[in-house]
Each structure stands twice: as C-alpha cells, then as structure tokens.
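Now for the letters of each chain:
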Amino acid sequence: MSPDPFSLQGRRIAVTGANTGIGQGIAIAVAEAGGAVVGIGRSAMDETAARVEAAGGAFTPCLVDLSDIAAGTGALERIAADAPLDGLVNNAGIIRRADSIDFSEADWDAVMDVNLKSVFFLSQAFARSCLSAGRPGRIVNIASLLSFQGGIRVPAYTAAKHGVAGVTRILANEWAARGINVNAIAPGYIETNNTVALRADPDRSRAILERIPAGRWGVAEDIGAATVFLLAEASRYVHGTVLPVDGGWLAR
C-alpha cells in the first residue's frame, strides 16, 4: 500500500454532474486529495473549476447531455483517449415529482436515462478503457437513501436508485478480480440546492432533524470525503458496497 493510502496524487478522476451540490463537493475533495478532475455534464462548471483550482487541483470541463447515452459514452471515450482515467464518479441525476397514479412515461424515461442508464453505460465505457490498457480503476456511483426506502411521489427516482445499487453489485462481481473496484455512496439529507425548500419548511426540517442521530443536515464535503476513500488505495479490498453517508438516518 502507498505511504498515504488516502491520497489521489497523480490520479485523474471524471465526475459527472460536477456543476453544483454534491458533484461540486466531490470535485473539490478530489482536488484536495491531490487528484485532477474532469467534470462531465450539461451545465457550465465555472464555479467548480475556480474552487478546484483554488484547492490546488486541475479541472477540465466536458459539456455533454448525459441523457444522450451515445454522446455521454463518446465523450468519456475521448477523455480517456486524451489521458488515462483512474476513476469515474457517476453523480449526475435528475428528479421528477408526481403522484404515482399520474406519473408520465416521458418523466419516467427522462429520469431512468440519466439516473440509471447513463450510470451503466458510462461505467462500461470506463471499464473498457481500463481493461484494454491493463490499468486498475475505481467507479463510485451516487445512490440514495431511496436505494433502500420507497419515498413518496418520486417513483422513477426510487426505481432508478434501487437500480444503481444493483448495477453497483453486478459490476463489482464481474470486475473486482480484473482490477476495477465498483462501489456506491447513498447520501442522506444534504444541504444542496435540491433541499432548499425542505430546509426552509420549519415543520419538515424539524421532522427530518429529529430522525437524524447526528442532529444535523449533511454537507457536500461529507460525501466528498467518503468518495475520496472509495477512489483511494485505502479501499482496495472494498467491492460492491453501498455506503450510507446519512448521519445515521437508516439506523433509526
């Protein structure tokens, strides 16, 4: 094992959905651990680039709509051809809310394409680049508490995140002996743009906090630190796990 098993020095990591929130936190954490970041997504990542560079890291943006699977995998293949990739973090995701009785096929397909289909095919493209070059690799998928629970009014999101857990396990089964670690993180309630409304609602926020043993909402840095562990040499014997980073929510 290396002198610092938690270092990402010299490693190049692709992070999808790195423009804000959890993805941005992961990109910054990778940079702070010594890694270079390639941000993949459809939105501008200028703020993330500035914060990564302020942390002493290098940031390369790649603008692509990950709902277009061919475009997404093509972009990843070009990134890997430019310089070897050591890790892939599948963080990009969308959510559509409606009662299950009213949920549309269009919303179902949109969520599945980004949250599950792209996870599998980007992982496949990354693994092919590693295996063809005889290089080890790390994949970290961002799952959810809804990989374990049902939720309300988010049927496609829940189905997709259950699928992310399953994809994580099958890819670990197939690729662990070939030098590719595949794991996932299930974030709890995190302070991001997606949770502003929840945190602004005194009743909902209080109910959530009362269930979290840690007594606070998580922050993007909490997910970033766990992701660095799963990308680093320290987790070399960790395969197929879905790690909750939830302040103890699932323990209640």
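Each chain carries its own residue numbering, running from 1 in the written order of its sequence. For this predicted model, a pLDDT threshold of at least 70 governs which residues receive local features, and a threshold of 80 or more governs which side-chain atom pairs are given and counted, while totals over whole chains, interfaces and linings are taken from all residues. Values shown for side chains rest on all heavy atoms present in the structure; no hydrogens or waters enter the calculation.

As recorded in an unreviewed UniProt entry, the protein chain goes by the name 2-dehydro-3-deoxy-D-gluconate 5-dehydrogenase KduD, listed as coming from Aureimonas flava. UniProt positions are given in the numbering used here, feature names are shortened, and annotations may be inferred rather than shown by experiment. Taken verbatim from the UniProt record of the protein chain, the Sequence similarities (unreviewed entry) comment is "Belongs to the short-chain dehydrogenases/reductases (SDR) family."

### What to know about the overall build of the protein chain
Helix and strand definitions follow DSSP, with helices as H or I runs of at least four residues and strands as E runs of at least two, each counted in order from the N terminus. Looking only at helices and strands, the protein chain features eight helices and seven strands. Radius of gyration: C-alpha atoms only; globule rule: 2.2 Å multiplied by the number of residues to the exponent 0.38. Against the compact-globule benchmark of 18 Å for 252 residues, the protein chain has a radius of gyration of 17 Å, which places it among compact chains. Taken along the three principal axes of its C-alpha coordinates, the protein chain extends 50 × 40 × 35 Å. Counting the 252 residues in the protein chain, one finds 49% classified as buried. Should any heavy atoms of two residues lie within 4.5 Å, those residues are considered in contact. Long-range contacts, defined here as pairs at least 24 residues apart, represent 70% of the contacts in the protein chain between residues at least 6 apart. When the accessible surface of the protein chain is split by element, carbon and sulfur atoms take 51% of a total near 11,500 Å². Looking at charge distribution, the protein chain has the averaged site of its 22 positive side-chain charges lying 5 Å from that of its 25 negative ones. Each residue's exposure class comes from its accessible area (1.4 Å probe, protein chains only) as a fraction of the maximum for that residue type: buried when under 20%, exposed when over 50%, partly exposed otherwise. Per-residue accessibility takes into account occlusion by the displayed protein chains alone, with areas from the Shrake-Rupley method and a 1.4 Å probe. Positive: Lys, Arg. Negative: Asp, Glu. His and the chain ends are not part of the count. For the purpose of locating charges, the reference atoms are NZ of Lys, CZ of Arg, CG of Asp and CD of Glu.

### Focus: the environment of isoleucine 95
Tracing the backbone shows isoleucine 95 in the loop between strand 4 (87-90) and helix 4 (105-133). Distance in space between the C-alpha atoms of isoleucine 95 and glycine 224 is 21 Å, their sequence separation being 129 residues. Those residues in contact with isoleucine 95 that sit more than four places away from it in its chain are Val111, Val154 and Tyr157.

### Brief notes about the nonpolar core
For the purposes of this section, nonpolar cores are sets of buried Ala, Val, Leu, Ile, Met, Phe, Trp, Tyr and Cys residues that join through side-chain atoms within 4.5 Å. Membership of the largest hydrophobic core comes to 40 residues, with the highest contact counts inside it found for Ile40 and Leu76. Where this core is concerned, the elements lending two or more residues are strand 2 (36-41), helix 3 (69-82), helix 4, helix 5 (155-175) and strand 6 (180-187). Ranked by residue count, the leading element in this core is helix 4, at nine residues. Look past the residues within four positions of isoleucine 40 in its chain and what remains in contact with it is Ala14, Val15, Thr16, Gly17, Ala18, Met45, Cys62, Val64, Leu66, Leu76 and Ile79. One finds Leu8, Ile28, Val140 and Ala226 within the second-largest nonpolar core, a separate group that totals 28 residues.

### Re helix 4
One fewer than the residue count of a helix, multiplied by 1.5 Å, yields its expected span. For helix 4, spanning 29 residues, the distance from its first C-alpha to its last is 40 Å, which sits close to the expected 42 Å at 1.5 Å a residue. Most pronounced at aspartate 113, the bend in helix 4 amounts to some 45°. Residue glycine 134 follows helix 4 closely and has a positive phi angle near 65°. To get the bend at a residue, fit one axis to the 7 residues ending there and another to the 7 starting there, then take the angle between the axes.

### A word on the pairing of strand 4
A two-sided burial pattern is seen for strand 4, the buried positions comprising Gly87 and Val89 on one face and Leu88 and Asn90 on the other. As paired elements, strand 1 (residues 12-16) and strand 4 share three bridges and run parallel to each other. Across the sheet, valine 15 pairs through a bridge with valine 89, a residue of strand 4. Handedness is read with the strands pointing away from the viewer; a crossover is right-handed when the path from the first strand over the helix to the second is clockwise. On the question of chirality, the crossover connecting strand 4 to the parallel strand 5 (residues 137-142) by way of helix 4 is right-handed. Strand pairing is assigned whenever DSSP detects at least two bridges linking the two strands.

### Regarding the sheet that holds strand 6
Taken together, the seven strands give an open sheet; going across it, the order is 3-2-1-4-5-6-7, and neighbouring strands pair in parallel fashion. Looking at which strands have only one partner, the edges of the open sheet turn out to be strand 3 (59-63) and strand 7 (242-245). Sheet twist, expressed as the average angle between the axes of neighbouring strands with direction ignored, equals 20°. By the bridge criterion, six bridges tie strand 5 to strand 6 in an arrangement that is parallel. Orientation is described by lines fitted to C-alpha atoms, with helices fitted over the stretch in contact, and by angles between N-to-C directions that extend from 0 to 180 degrees.

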